[in-house]
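# Working through the structure, step by step
Here is what each chain is made of, one letter per residue.
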Amino acid sequence: TITIFFLVALLTSCKENPKMNLLNEVLLPKPVSVKPTGSSFELTRNTKILIKGDSKKLLENGKYLANLLKPATGFNLEVQTTSKKAISNSIYLVITTQESNYGDEGYSLNITEKHIIIKANTAKGIFRGVQTLRQIFPSEIEAADYQNRKWFIASGEIYDYPQFTYRGAMLDVTRHFFKKEDVKKYIDMIAMYKLNVLHLHLSDDQGWRIEIKSWPNLTTYGGSTEVGGGKGGFYTQEDYKEIVKYAQQRYITVIPEIDMPGHTNAALVSYPELNCDGKATKLYTGMKVGFSTLCTNKEITYRFVNDVIRELSEITPGPYIHIGGDESHSTKIEDYIPFINRVQEIVIANKKKVIGWDEIVSAALKPATIVQYWGRPKNALKGVSKNAKIILSPSDRTYLDMKYDSVTKLGLKWAGYVDIDKAYNWNPSTLISGITKKDILGIESPLWTETVTNMKELELMIFPRIIGHAEIGWTPDSLRVWDDYKIRLQKHAKRLKIMKINFYPSSLIDWD
Ligand code: TNX
């Protein structure tokens, strides 16, 4: 009996290995199905990453995973292609055609004592599965330098797929410019939570941020400042392509926005002929909205729009161009409607689909045009009545530039305070009465940057709210529970700290 006692004690102590993460407590977003199986896998320097088949993309996934695990473990894991089954001590990535349920982003992740297997229909699905695997490792896996420790992870079976196909984050690079290295860091941060869209707000009153070769003053002059009078900046087309490629490697679609006819002072200051009176405006470094408009009944305006959309379409592999359309308070409605109609035609002629802020519903929407809702239910309903799909960005839930509470230093508060619970506790499918899941493409979290000037501030505003939004976009509403989310988020803080990601320590969570 004594031997049995010791055996049992030994076994339970293994199971309760304090260094191992419990599957149900660490995953963000929460997967559709998680089954812990009570043992563990140990990653060692001899673990192999095996790629089934000769897919180039899958090989890239394997290398991405090896690079992810390298700094903290010090392991130079070998990535190999194979035609055989998973062998012992391997992480096996395989594309399967048998599991139609996975969709194009779903995956299964099976961790046993012997090996780890990730299966999906596409390399995109494998990539999402790799993000899940990453979160199962001890938080120290995210350290930038070598950690002297063992790398056990809990065994289990996970089956997972997203509830919405569009899960986005928007970054406003106009009010304050963020250089391409920062944008790449932003991409890496959102990829961790399985977001798949980066919407870049590239033009506004305060700055024009994308090189347009046929209209060079847009950037050289229109891009020369920002809110507060800083020196602004812009992306060359080469920079932009680099950002797009970086995003593509993480299965994130870049959606560029050129906001018009309002929010255009940076263009109007660069080219006097775009103003109705032919006179250039002045560079603007304040925070007001709604005072500028392109001249909608001059032909040159449409030549301008066509050149911009053409050049942008040529360097944008994704299917969408965002045309803004919001807060055009200086454009008469009888000018606004034909303008939006004509701009939609220009986008379509350039083989792209249109997205616009919800005000565009006053125009005649083209069949594939998508409406991005930011707060007026009437506009969303009108969009749906015109057969448009809706992206939900309710300002009082998803606007990452809103203050958390009355003591938040950065941010605005016109849509109210948005603490972590407010950001998390809502369901897309019941948000607007009359709009159901079939009308919704997905959700997006915009970060407007009037008050946000650098990466530390950016992180403080997006974390941890964006993690909740990522879960809303991915996890079925029926599986989302605030009390359960709170625990996972609290545990996740350690990981953010190790990654040196700044976040808002809201008093709603018992941070350790
Ligand atoms: C509204 S909502 C805007 C932006 C501002 C933001 C500040 C919308 C489509 N436009 O121009 O930056 O509020 O919170």
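Residues numbered from 1 in each chain as written. Predicted model: local features only at pLDDT ≥ 70, side-chain atom pairs only at ≥ 80, totals over all residues.

Secondary structure assignment for the chain yields 17 helices and 16 strands. Referenced to the eigenvectors of the C-alpha coordinate spread, the extents of the chain come out at roughly 95 × 50 × 45 Å. Counting all 512 residues of the chain, 49% fall into the buried class. Contacts in the chain between residues at least 24 apart in sequence constitute 71% of all its contacts with a sequence separation of at least 6. (Helix = DSSP H or I, 4+ residues; strand = E, 2+ residues; numbered from the N terminus. Buried ≥ 20, exposed ≤ 12 C-beta atoms within 10 Å, placed from the backbone. Contact = placed C-beta atoms within 7 Å.)

In this section: the domain arrangement of the chain. Taken domain by domain, the chain holds domain 1 (2-160) and domain 2 (166-480). Opposite the nine residues of domain 1 that make contact, domain 2 presents 15 residues. Among the elements that line the side of domain 1 that touches domain 2, the one with the most residues is helix H4 (residues 123-136), at four residues. Split into classes, the residues belonging to the side of domain 1 that touches domain 2 amount to four nonpolar, one polar and four charged. (Domains from an automatic or database assignment. Nonpolar A, V, L, I, M, F, W, Y, C, P; charged D, E, K, R; others polar.)

With mixed pairing, the seven strands of this open sheet are ordered in space as E1-E7-E5-E6-E4-E2-E3. Of all the strands in the sheet, the pair left with one neighbour each is strand E1 (33-43) and strand E3 (78-82). Here the strands of the sheet are splayed against their neighbours by 20 degrees on average, with no regard to which way each runs. In this fold helix H3 (residues 56-73) packs onto E1, strand E2 (48-52), E3, strand E4 (90-95) and strand E7 (151-160), with an angle of close to 170 degrees to the strand it touches most, E2. Contacting E4, strand E5 (107-111), strand E6 (115-120) and E7, H4 crosses the sheet at an angle of about 145 degrees to E6. (Pairing = 2+ DSSP bridges. Axes fitted to C-alpha atoms, helices over the stretch in contact; angles between N-to-C directions.)

In this structure, Ile118, Leu171, Ile190, Leu198, Ile390 and Leu447 are the most contacted members of the largest nonpolar core, which totals 141 residues. Here this core spans two domains, since at least three of its residues come from each of domain 1 (2-160) and domain 2 (166-480). Beyond its immediate sequence surroundings of up to four residues, Leu171 is in contact with Phe178, Val183, Tyr186, Leu198, Leu200, His201 and Leu447. (Core = buried A, V, L, I, M, F, W, Y, C linked by C-beta atoms within 7 Å.)

All right, on to the UniProt feature "active site" (unreviewed entry) in the chain then. Taken from the UniProt record, the annotation "active site" (unreviewed entry) applies to Glu327. Mapped onto the fold, Glu327 is located in the loop between strand E12 (320-324) and helix H10 (333-349). C-beta crowding within 10 Å serves as the criterion here: with 17 such atoms nearby, Glu327 is assigned to the partly exposed category. Not counting residues up to four positions away in its chain, the partners in contact with Glu327 are Gly262, His263, Val289 and Gly290. (UniProt positions renumbered as here; feature names shortened; annotations may be inferred.)

Turning our attention to the pairing of E6. One face of the sheet, then the other: side chains in a regular strand alternate in exactly this way. Counted residue by residue, E6 has five buried out of six residues, so it is predominantly covered. The sheet contact formed by E4 and E6 spans six bridges and is parallel. Paired with Leu93 across the strands is Ile118, a residue of E6. Sheet topology places E5 next to E6; four bridges connect them, and they run antiparallel. Bridging from a neighbouring strand, Ser108 pairs with Lys119 of E6.

For the rest of this paragraph, the subject is the environment of Thr81. Structurally, Thr81 can be placed in strand E3. Distance in space between the C-alpha atoms of Thr81 and Leu50 is 5.6 Å, their sequence separation being 31 residues. Not counting the four nearest positions on each side in its chain, Thr81 is found in contact with Ile51, Asp54 and Leu59.

A low pLDDT score tells you not to read the predicted coordinates there in detail. Confidence along the chain averages 95 in pLDDT terms, with 96% of residues attaining 70 or more. A low-confidence stretch, residues 12-16 stays under pLDDT 50, and its non-local contacts, those more than four residues away or across chains, total one contact. Scored by ipTM, the complex comes to 0.97, with pTM at 0.96. (pLDDT = per-residue confidence, 0-100.)

Moving on to helix H11 (residues 377-385). Those residues of H11 lying buried are Asn379, Ala380, Gly383 and Val384. Looking straight down H11, one finds its buried side chains confined to an arc of 135 degrees; they lie on one side. Exposed residues pointing more than 90 degrees away from the buried face of H11 are listed as Lys378 and Ser385. (Arc of directions from axis to C-beta.)

In this sheet, strand E15 (residues 389-392) lies alongside strand E14 (residues 370-373) in parallel orientation, the contact comprising four bridges. Directly across from Tyr373, in E15, lies its bridge partner Leu392. Once the chain exits E14 it traverses H11 before rejoining the sheet at E15, and the crossover so formed is right-handed. Two elements, E15 and strand E16 (residues 440-447), share three bridges in a ladder whose sense is parallel. From the neighbouring strand, Leu392 faces E16, where its bridge partner is Ile443. (Right-handed = clockwise from strand over helix to strand, strands pointing away.)

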